[in-house]
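The chain contents come next:
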Amino acid sequence: MKRNQKGFSLLELLIAIGIILVITAIALPSLLASRRASYQSSAVQSITTLNKAIQTYLNEFPDGEGTGTSTTFTKMAYTDLFGGSANCTATPPTISPTSACILDPVLGVANAAATPKDNYVFTMTVTNPGTWSVLADPVAGDITGNTKHFYIDNTNVLRYALGAPATSASTPVGQ
């Protein structure tokens, strides 16, 4: 007697699932490497933007959050570059030493692990108008250890380190 079969046998389904798993195992490392490369590219662009924003800020407000009449640098905070959405979206924007409206809203709040930009958090240190540094550190690394940390300072040399925070002694990008 001949049976009338409809559908697939268990063996056929297991073979199909096995093929899908093999294809996934081959493609997943490439996908993760592409995503990591795009995050790192975004971090390089963002840290360069922050470096230029610091230079712009210091040209506009030479004494930082000071009164504007002194040649003494008071301080400059990361949030001074952004200034908050209410100040910067007003017409005209309210521009001051504590609200310079230089950065966009995404990069303007990317200084905390809760609000990273493309998996990177940015830390800025300004000690006086001629000395500053910006760090870009990933919020979460990957299992390969190929996650890059970036550093730039007033020398305008972009540097990186693998798996550890970058410093002024780290390898310059492109070398």
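Please refer to the structure higher up on the page.
Residues numbered from 1 in each chain as written. Predicted model: local features only at pLDDT ≥ 70, side-chain atom pairs only at ≥ 80, totals over all residues. Heavy atoms only, no water.

**Q** Got a minute to help me understand the overall build of the chain in this structure?
**A** Broken down by element type, the chain carries four helices and five strands. The N-to-C order of helical and strand elements in the chain reads α-α-α-α-β-β-β-β-β. Considering only contacts in the chain between residues 6 or more positions apart, those separated by 24 or more positions represent 38%. If you sum the accessible surface of the chain, you get close to 10,800 Å²; carbon and sulfur atoms cover 60% of it. (Helix = DSSP H or I, 4+ residues; strand = E, 2+ residues; numbered from the N terminus. Contact = heavy atoms within 4.5 Å. Areas by Shrake-Rupley, 256 points an atom, 1.4 Å probe, with all protein chains shown as cover.)

**Q** Even after reading the chapter, I still don't get the nonpolar core, so can you show me in this structure?
**A** Nonpolar side chains in soluble globular proteins generally cluster together in the buried interior. The biggest cluster of nonpolar side chains holds 24 residues, and the ones touching the most others in it are Ile47, Leu50, Ile54, Leu81, Phe122, Val134 and Phe150. Mapped by element, the contributors of at least two residues to this core are α1 (10–60), β1 (120–128), β2 (131–138) and β3 (148–153). Here the element with the most residues in this core is α1; it accounts for seven residues. Excluding residues that lie within four positions of it along the chain, Val134 makes contacts with Ile47, Leu50, Ile54, Thr123, Met124, Phe150, Tyr151 and Ile152. (Core = buried A, V, L, I, M, F, W, Y, C linked by side-chain atoms within 4.5 Å. Buried < 20%, exposed > 50% of the residue type's maximum accessible area, 1.4 Å probe, protein only.)

**Q** Just checking my understanding: could you explain a nonpolar patch on the surface for this structure?
**A** A cluster of nonpolar side chains, contributed by Leu11, Ile15, Ile19 and Ile23, occupies part of the molecular surface with about 410 Å² of accessible area. Secondary-structure assignment places Ile15 in helix α1. (Patch = residues over 30% accessible without salt bridge, like charges linked within 9 Å, V, L, I, M, F, W, Y side chains within 5 Å. Salt bridge = Lys/Arg side-chain N within 4 Å of Asp/Glu carboxyl O.)

**Q** Teacher, can you tell me more about unusual backbone geometry here?
**A** Positioned with a positive phi, Cys101 is a non-glycine residue whose angle comes to about 55°. Considering the arrangement of structural elements, one finds Cys101 in the loop between α3 (85–89) and α4 (105–108). Taking relative accessible area as the criterion, Cys101 reaches 23% and is therefore assigned partly exposed.

**Q** Even after reading the chapter, I still don't get the packing of aromatic side chains, so can you show me in this structure?
**A** To describe a pair of aromatic rings, one takes the distance between the centres and the angle between the planes. If you walk through the whole model with that rule in mind, you get one aromatic pair. With 6.1 Å between their ring centres and 45° between their planes, Tyr120 and Phe150 make a pair best called tilted. Taken as a pair, Tyr120 in strand β1 and Phe150 in strand β3 lie far apart in primary sequence, 30 residues in all. Note on Phe150: relative accessible area 3%, which makes it buried. Geometry around Tyr160 places Lys148 over its ring, the cationic atom sitting 4.7 Å from the centre. (Phe/Tyr/Trp six-rings, centres within 6.5 Å; stacked < 30°, edge-to-face > 60°. Lys NZ or Arg CZ within 6 Å of the ring centre and 35° of its normal.)

**Q** Sorry if this is basic, but what is going on with α1 here?
**A** Helix length check: α1, at 51 residues, gives a terminal C-alpha distance of 72 Å against a target of 75 Å (1.5 Å per residue), a fit within 8%. By the largest-angle criterion, Ala27 marks the main kink of α1, which is about 30°, and a proline, Pro29, follows within four residues. When we look at burial in α1, the residues that qualify are Gln40, Ser42, Ala43, Ser46, Ile47, Leu50, Asn51, Ala53, Ile54, Tyr57 and Leu58. (Expected span 1.5 Å × (residues − 1). Bend = angle between axes of the 7 residues up to and from the residue.)

**Q** Explain the pattern of salt bridges to me, please; I cannot follow it from the model alone.
**A** Side-chain pairs of opposite charge can arise whenever the charged atoms involved come near each other. Counted under the stated rule, the structure contains one salt bridge. The partner of Asp118 in a salt bridge is Lys117, and the shortest N-O contact between them spans 3.9 Å. For Lys117, a relative accessible area of 19% gives the class buried.

**Q** Is there a simple way to explain the environment of Thr94 in this structure?
**A** Tracing the chain through its elements places Thr94 in the loop between α3 and α4. Given the relative accessible area of 42%, Thr94 is considered partly exposed. When residues no more than four places from it in sequence are discounted, the contact partners of Thr94 are Asn87, Ser99 and Cys101.

**Q** Any chance you could explain the environment of Asp118 here in plain terms?
**A** With respect to the secondary-structure elements, Asp118 resides in the loop between α4 and β1. When the C-alpha atoms of Asp118 and Ser38 are compared, they prove to be 8.5 Å apart, with 80 residues separating the residues in sequence. One polar contact links Asp118 to Ser42, side chain to side chain, over a distance of 2.6 Å. (Polar contact = N/O pair within 3.5 Å; in protein donor to acceptor, adjacent residues only side chain to side chain.)

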